[in-house]
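This is what each chain is made of:
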Amino acid sequence: MERYARSSAVAVIRLRNPPVNALSVEVLQALEDGLKKAEADPSVKAIMICGENGKFSAGADIRGFSTPKRHRVALGPIVSLIESSEKPVVAAIEGIALGGGLEVALGCHYRLAHVKAQMGLPEVTIGLLPGAEGTQRLPRLIGVPAALDMITTGKHIPATEALKLGLVDEIVEENTIEAAIRLANKVIGQPLGPRRLSLKPVPKLPNTDAFLREALAKVKKQARGFLAPELCFQAVKAATERPFAEGVRRERELFQRLLSSEQARALQYAFFAERAVSRDHLSLAPSPLPGTLLSDVYIYTGLGTMGQGIATSLVKAKIPVVALEQDLEYLNKGRKAVMGLLEREAMKMEGGAQTLDFHNPARLQFTVDFDLLSDVDLVIEAVFEDMALKKEIFHKLSKICKPGALLCTNTSALNIDEIASATSRPQQVIGTHFFSPAHVMRLLEIIYGRHTSPTAIATAMQLAKALKKVGVVVGNCFGFVGNRMMFPYVEQAVFLLEEGSRPEAVDQALEDFGFKIGPFRMSDLAGLDVGWRSRKGQGLTGPSLPAGTAARQRHGQRYSPLPDLLCERGRFGQKTGKGWYQYEKAGGRTAVPDPWLHSFLSQYRDSHGIKTRYIDQEEILERCLFSLINEGFAILAEGIASAPEHLDVIYINGYGWPKHRGGPMFYASTVGLPHVLAKLQKYSEAHPDVPKLRPSAFLKKLVAAGNPPLKEWMSYLSRQSPKL
Ligand SMILES: CC/C=C/CC(=O)SCCNC(=O)CCNC(=O)[C@H](O)C(C)(C)COP(=O)(O)OP(=O)(O)OC[C@H]1O[C@@H](n2cnc3c(N)ncnc32)[C@H](O)[C@@H]1OP(=O)(O)O
């Protein structure tokens, strides 16, 4: 506890625990001590709580949830202590007030926030609920619908919205601390009863039961097996049904249930994994390439679907863009699409189009003039996946761009070294694999080639950060990390159809597991023709396939021609109205099981002498997931990625892997590596012509070593890539 000024009647309690003032056991103890001291000091007439360094608090120390020490001091009783103070307590919210931080503020009698502050109860995102009485106080303050929305989604809200909701009493543009002191002085002596949220009733709704029924249905639909949102709902519901103290008891019960759950462990692992992955590579080089990001012009070539999303993403990050296309027709099409995307993005933002300023040619210009590239710092090439075309472009870029410019290629599988070989500066060539839609998806897979310099890697990581994306650095191999792990997963899904399953059964099993979308719905969305083109390019199908090749064998391994057969019949998925499912029209979105496909599958099995069998959910999950995980172990062993956390971050942010399962490698660690190995051995014996089911040597090694925890896996490998 300190005084604002020597003779001030306002005691100041400052939460101090850099970088985000997390409420560690020590901070909580100091807060309790400070409150008691202020309460006992007759010269103190009011109390102000604020955070050090312009941040109120990011809430409980997440690392503490897995240590026994946290049980020593509980936040809930401290929040009650604040509220029951006989002296007015004012929260001065700067920067962030999240989770337990906001719960502390809810215990205060007054809340004043800086206009740029953000508030939220994001516990749900780490598998928990606000366990310091927040689920009981917030609905009393802002009403059930708004509280439920904040608590079940965990979203951060800006101070302006908090003011509208009544979450804060006042917002200020200048010095928050001084304003809070003024407020504290002003309210000295005023009655505190009406300011104590625990004493307020929960505002009534016209039909609470109907509202809660609908809200629960919505929460359940979105959760797909994720427990925390539903338990958050139950805690808020308790506030509508029980007196405050009983509601708090219910909140504690639910909190304890979540705290000990595997899902909370998975989400907290994912939280730190994401941060560790970013930190690892940002520290690779002392500084990015010459020319500071954000102030220099970026250029990218190609305005197809990916290019449009990338341009939008750059403009949103306030990075000046010059967009290049090969001719005016494509340029005009691309311009229209990008402007449309930006209009929509601007509508979601405060300040709209003015904030993004995309009509300003200094921010965004469109051109067909390649020579404009001579002075840019960074190029992102985003033409379609054609090696010859990419090499031609990189050869030109190498001649035109200034010596320091970083040359990025947006590719999902092509060889970075081969692309770099077309330039005179392979050390400055790097892969940047964006995910579609590029202005929405958070993942950026960054692929270094044999000659890529550490500085180039660090610059690409800076770019990811500037775009508010999660950059993950990986080595160069076909499909890199994400798609390489996806190939066996999709392969198994198709083999399951051959053996007797249906697209809807496979999708359902994986969606019940928590994937946003199953493999067949995903394939229909992305377009079956994309894979078909790639397989034709690899000589697996199409005119270059040698005559007499067995229909279901390639290079001595099992192959399914099913996707090719669909494409030959013009079934490309949503875009043609038919694929693995049927749709209401070409471009339709609603997938409906297709009787034609079912009879096509039956005929296919008959014609190849395949006996149809019933395949249960367990087999669907094990074959799809364990083959994907198996590839992950091979990737780690080859040094393509530097740690299992990297694979998990890629899968959560780029492939719709359910975050509450922590990513594929974390999931493998939770089911146990001996179990994964045994299942792979079983399926591999049943399908000896499928190499991707053969357990990886690294997985076997870890099992032989006694199933060590995930954190220790990499210590069992002798070889690591020098760049990772
Ligand atoms: C019974 C009481 C129950 C209470 C429940 C809770 O309060 S649970 C905690 C709820 N709070 C959160 O979930 C907030 C999590 N943090 C964030 O969302 C973000 O970190 C941020 C606060 C918005 C800041 O984001 P920014 O991008 O600026 O920085 P980083 O994310 O990189 O974070 C900086 C470092 O701080 C660490 N950190 C952040 N929050 C916490 C936390 N609550 N506990 C512990 N550590 C936290 C973060 O890990 C970074 O450090 P690294 O060493 O780089 O990992």
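Note that the coordinates shown come from a computational prediction; the quantities given were computed from them, not determined experimentally.

Thresholds, definitions, all that
- Residues numbered from 1 in each chain as written.
- Predicted model: local features only at pLDDT ≥ 70, side-chain atom pairs only at ≥ 80, totals over all residues.
- Heavy atoms only, no water.
- Helix = DSSP H or I, 4+ residues; strand = E, 2+ residues; numbered from the N terminus.
- Rg over C-alpha atoms; globule rule 2.2 N^0.38 Å.
- Buried < 20%, exposed > 50% of the residue type's maximum accessible area, 1.4 Å probe, protein only.
- Contact = heavy atoms within 4.5 Å.
- Areas by Shrake-Rupley, 256 points an atom, 1.4 Å probe, with all protein chains shown as cover.
- Lys, Arg positive; Asp, Glu negative; His and termini not counted.
- Charge placed at Lys NZ, Arg CZ, Asp CG, Glu CD.
- Salt bridge = Lys/Arg side-chain N within 4 Å of Asp/Glu carboxyl O.
- Pairing = 2+ DSSP bridges.
- Axes fitted to C-alpha atoms, helices over the stretch in contact; angles between N-to-C directions.
- Parallel < 35°, antiparallel > 145°, perpendicular 65-115°, else oblique.
- Left-handed = near helix turned anticlockwise from the far one by under 90°.
- Nonpolar A, V, L, I, M, F, W, Y, C, P; charged D, E, K, R; others polar.
- Near = heavy atom within 4 Å.
- Polar contact = N/O pair within 3.5 Å; in protein donor to acceptor, adjacent residues only side chain to side chain.
- UniProt positions renumbered as here; feature names shortened; annotations may be inferred.
- Expected span 1.5 Å × (residues − 1).
- Arc of directions from axis to C-beta.

**A short note on the overall build of the chain**
Summing up its helical and strand segments, the chain has 28 helices and 19 strands in all. Its C-alpha atoms give the chain a radius of gyration of 28 Å, near enough to 27 Å, the size a compact globule of 724 residues would have. When its C-alpha atoms are laid out on the principal axes, the chain stretches across 95 × 60 × 55 Å. Every one of the 724 residues in the chain was classed for burial, and the buried ones make up 55%. Counted over contacts in the chain with a minimum sequence separation of 6, partners at least 24 positions apart contribute 73%. Split by element, the accessible area of the chain, about 30800 Å² in all, is 54% carbon and sulfur. Measuring between centres, the 89 positive side-chain charges of the chain sit 2 Å from its 75 negative side-chain charges.

**Here we look at the pattern of salt bridges**
One pass over the full model with this rule turns up 37 salt bridges. The partner of R558 in a salt bridge is E498, and the shortest N-O contact between them spans 2.8 Å. Here the residue R558 occupies a position in strand β19 (residues 557–558), and E498 occupies one in helix α18 (residues 482–499), the gap between them amounting to 60 residues. Here R558 matches E498 in class, with each residue buried. Where E499 meets R613, a salt bridge forms, and the shortest distance between an N and an O atom there is 2.8 Å. Here E499 is found in helix α18, whereas its partner R613 is found in the loop between α23 (595–607) and α24 (617–638), with 114 residues between them in sequence. Using a relative accessible area of 8% as the deciding quantity, one classes E499 as buried.

**A look at the sheet that holds strand β15 (residues 429–434)**
On the basis of which strands lie adjacent, the open sheet formed by eight strands has the order β12-β11-β10-β13-β14-β15-β16-β17 and mixed pairing. Single-partner strands in this sheet number two, and they are β12 (364–367) and β17 (470–474). Neighbour-to-neighbour, the strand axes of this sheet turn through a mean angle of 25°, independent of strand direction. The sheet contact formed by β15 and strand β16 (residues 443–448) spans five bridges and is antiparallel. Bridge pairing in β16 links H433 to E445. Contacting β11 (321–324) and β12, helix α13 (residues 328–347) crosses the sheet at an angle of about 160° to β12. Its contacts with the sheet put helix α15 (residues 387–400) on β10 (298–301), β13 (378–381), β14 (406–409) and β15, and the angle it makes with β14 is roughly 170°.

**Quick notes on the packing of helix α5 (residues 144–153) against helix α8 (residues 208–223)**
Contact geometry of α5 with α8 gives a least axis separation of 12 Å together with a crossing angle of 15°. In this view, α5 runs roughly parallel relative to α8, as classed from their interaxial angle. Taken as a pair, α5 and α8 cross one another with a handedness that is right-handed. Contacts between α5 and α8 involve V144, P145, L148 and T152 from the former and F211, L212, A215 and V219 from the latter. Each residue belonging to the contact of α5 with α8 can be placed in one class, and the counts come to seven nonpolar, one polar and no charged.

**Thoughts on the site of the ligand**
Around the ligand there are 24 residues in total, and A58, A60, G100, R275 and R279 lie nearest to it. Here A58 contributes a backbone N or O atom positioned 2.8 Å from a nitrogen atom of the ligand. Within the backbone of A60, an N or O atom sits 2.8 Å from an oxygen atom of the ligand. Here the ligand has 1000 Å² of accessible area as a free molecule, and 74% of this is covered by the chains. Elements with a minimum of two residues in the shell around the ligand: β5 (96–98), α3 (100–107) and α11 (262–282).

**Here we look at the UniProt feature "domain: 3-hydroxyacyl-CoA dehydrogenase C-terminal" (unreviewed entry) in the chain**
As recorded in UniProt, the feature "domain: 3-hydroxyacyl-CoA dehydrogenase C-terminal" (unreviewed entry) lies at residues 479–583 and 620–709. Helix and strand shares over residues 479–583 are 51% and 4% respectively, and the end C-alpha atoms of the span are 30 Å apart. For residues 620–709, the end-to-end C-alpha separation is 26 Å, with 67% helix and 0% strand making up the annotated structure.

**Observations regarding the sheet that holds β5**
Sheet architecture is open: three strands sit in the order β5-β7-β8, paired in mixed fashion. Each of the sheet's edge strands pairs with one partner strand only, and the pair in question is β5 and β8 (156–158). Recorded for the sheet is a direction-independent mean angle of 20° between the axes of neighbouring strands.

**Examining the pairing of strand β6 (residues 110–114)**
Most of β6 is tucked away, with five of its five residues classed as buried. Here β6 shows no split at all, with Y110, L112 and H114 on one side and R111 and A113 on the other all buried. Of the strand pairs in this sheet, strand β4 (residues 89–93) and β6 are connected by four bridges, and their pairing is parallel. Looking across to β6, one finds that V90 is bridged to Y110. Sheet topology note: the β6/strand β9 (residues 170–172) ladder contains three bridges and is parallel.

**Comments concerning the side chain of T409**
Of note, T409 is situated in strand β14. Residue contacts for T409: discarding those within four places in its chain leaves E381, K390, F394, I416, I419, I430, G431 and T432.

**Topic: the packing of α24 against helix α25 (residues 644–654)**
In the contact formed by α24 and α25, the axes pass within 10 Å of each other and the chain directions differ by 135°. On the basis of their axis angle, the class for α24 and α25 is oblique. Here the hand of the crossing between α24 and α25 comes out right-handed. Within the contact between the two elements, α24 uses L628, G632, I635 and L636 and α25 uses P644, L647 and Y651.

**Considerations on α13**
The terminal C-alpha atoms of α13 lie 28 Å apart, and with 20 residues this matches the ideal 28 Å at 1.5 Å per residue to within 8%. Residues of α13 that are buried include every one of L331, G334, V338, M339, L341, L342, E345 and A346, and no others. The arc that holds every buried residue of α13, seen down its axis, measures 165°, which confines them to one face. The outward face of α13, more than 90 degrees from its buried face, is lined by the exposed residues E329, K333, K336, R344 and M347. The N-capping residue of α13, defined by a side-chain oxygen 3.2 Å from the backbone nitrogen of E329, is D327.

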